[in-house]
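Chain by chain, the residues run as shown.
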Amino acid sequence: MKPYDVKKANEYFRDKMSFTTGSHELELLVNSRKNPDSYQVVDVRYPADFAAGHVPGAINLPKGQWQNPKGLNRNSTLYLYCYNPTCHLAAEAAVELTEQGYRVIEVEGGWDTWVRNGYGIEVLGKSA
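All residue numbers here refer to positions counted from 1 along the written sequence of the relevant chain. Only residues with pLDDT of at least 70 get local features here, since the model is predicted, and only at 80 or more are side-chain atom pairs given and counted; chain-wide, interface and lining totals rely on the full set of residues. The side-chain figures draw on all heavy atoms in the structure; neither hydrogens nor water molecules are used.

Caption draft 1: Broad picture of the overall build of the protein chain. Per the convention used, a helix needs a DSSP run of H or I reaching at least four residues, while a strand needs a run of E reaching at least two, with both numbered from the N terminus. Secondary structure assignment for the protein chain yields 5 helices and 7 strands. Ordering the α and β elements of the protein chain from the N terminus gives α-β-α-β-α-β-β-α-β-α-β-β. For the protein chain, whose C-alpha radius of gyration is 15 Å, the value lies close to the compact-globule estimate of 14 Å for 128 residues. Looking at the protein chain as a whole, 38% of its 128 residues qualify as buried. Nonlocal contacts in the protein chain, meaning residues at least 24 apart in sequence, comprise 68% of its contacts between residues at least 6 apart. For every accessible area listed, the method is Shrake-Rupley and the probe measures 1.4 Å; residues are considered covered only by the protein chains on display. Summed over all atoms, the accessible surface of the protein chain reaches about 8100 Å², with 54% contributed by carbon and sulfur. Here the protein chain contributes 14 positively and 15 negatively charged side chains, and the mean placements of these two sets differ by 2 Å. Our radius of gyration is a C-alpha quantity, and the globule rule it is checked against amounts to 2.2 Å times the number of residues to the power 0.38. Partly exposed residues are those whose accessible area sits between 20% and 50% of the maximum for their type, while under 20% is buried and over 50% is exposed, using a 1.4 Å probe and protein chains only. Contact criterion: two residues are considered in contact whenever any of their non-hydrogen atoms come within 4.5 Å of each other. Neither His nor the chain ends is counted toward charge; the positive residues are Lys and Arg and the negative residues Asp and Glu. Here the site of a charge means atom NZ of a Lys, CZ of an Arg, CG of an Asp or CD of a Glu.

Caption draft 2: Spatial organisation of the packing of aromatic side chains. Two rings from Phe, Tyr or Trp (for Trp, the six-membered ring) form a pair when their centres sit within 6.5 Å of each other. Planes less than 30 degrees apart are called stacked, planes more than 60 degrees apart edge-to-face, and all others tilted. Throughout the structure, instances matching the rule amount to 5 aromatic pairs. Ring geometry for Tyr-12 against Phe-13: centres 4.9 Å apart, planes inclined by 75°, an arrangement best described as edge-to-face. With a centroid separation of 5.0 Å and 65° between ring planes, the pair formed by Trp-114 and Tyr-119 is classed as edge-to-face. With a relative accessible area of 16%, Tyr-119 lands in the buried category. Directly above the ring of Tyr-102 sits Arg-74, whose terminal nitrogen or CZ lies 4.2 Å from the centroid. Should the NZ of a Lys or the CZ of an Arg lie within 6 Å of a ring centre and within 35 degrees of the ring normal, that charge is described as sitting over the ring.

Caption draft 3: Inspection of the sheet that holds strand 1 (residues 20-22) at higher detail. Ordered in space as 1-5-4-2-3, the 5 strands form an open sheet in which the pairing is parallel. Looking at strand neighbours, the two that pair on one side only are strand 1 and strand 3 (59-60), the edges of this open sheet. Only when DSSP finds a minimum of two bridges between them are two strands counted as paired. Inspection of the sheet shows strand 2 (residues 39-43) paired to strand 4 (residues 77-81) by 5 bridges, in the parallel sense. Of the residues in strand 4, the one forming a bridge with Val-42 is Leu-80. Each axis is a line fitted through C-alpha atoms, and for a helix only the stretch in contact is used; angles between axes span 0 to 180 degrees, taken between their N-to-C directions. Strand contacts of helix 1 (residues 6-19): strand 1 and strand 5 (103-108), with the helix running at about 100° to strand 5, the strand carrying the most contacts.

Caption draft 4: Quick peek at helix 2 (residues 23-32). Residues of helix 2 that are buried: Ser-23, Leu-26, Glu-27 and Val-30. Projected onto a plane normal to the axis of helix 2, the buried residues spread over an arc of 100° and lie on a single side. Those residues of helix 2 that are buried are in contact with strand 1, strand 2, strand 4, strand 5 and helix 5 (110-116). Taken from the residues just after helix 2, Arg-33 is the one with a positive phi, measuring 55°. Relevant arc is that of directions from the helix axis to the C-beta atoms, nothing else.

Caption draft 5: Here's a closer look at the pairing of strand 2. Along strand 2, 5 of the 5 residues are buried, which leaves the element largely enclosed by surrounding structure. Neither face of strand 2 is left uncovered, since the one carrying Tyr-39, Val-41 and Asp-43 and the one carrying Gln-40 and Val-42 both have all their residues buried. Here strand 2 pairs with strand 3 via 2 bridges, running parallel. Of the residues in strand 3, the one forming a bridge with Val-42 is Ile-59.

Caption draft 6: Molecular detail of the pattern of salt bridges. Salt bridge, as applied in this entry: a Lys or Arg side-chain nitrogen positioned within 4 Å of an Asp or Glu carboxyl oxygen. Evaluated as defined, the whole model comprises 3 salt bridges. A salt bridge links Glu-108 to Lys-16; the nearest nitrogen and oxygen atoms lie 3.8 Å apart. With Glu-108 in strand 5 and Lys-16 in helix 1, this pair connects stretches of sequence that are 92 residues apart. For Lys-16, a relative accessible area of 30% puts it in the partly exposed group. Measuring nitrogen to oxygen at the nearest pair gives 2.8 Å for the salt bridge that ties Arg-45 to Asp-43. What makes Arg-45 buried here is its relative accessible area of 2%.

Here's what the structure looks like:
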């Protein structure tokens, strides 16, 4: 086993915190209603899944729409989420969107964690 590199671990965790967040932190941000133009919540799941329920105020940007995204604010930080902790769609979207100059944060745990924590959902424009 390699010796533990404390400096490298510190760098990794600092980088991780710079580019990811959890569903709890996103819920606090969404409910704070502070600086709503400073961020956008982006659901990268399939449109039918988005329609069935999503984070309040989120926009849907499924795969296939990342190269020419509509509705994104270049001055906002984008909070991307997908299905669950093992889904890589949000990370894939983050690669594409950061290449275009967008600021992106990946929401770890995705939709499953949001629902499991009992946070509010929106269905076809209605809060649930």
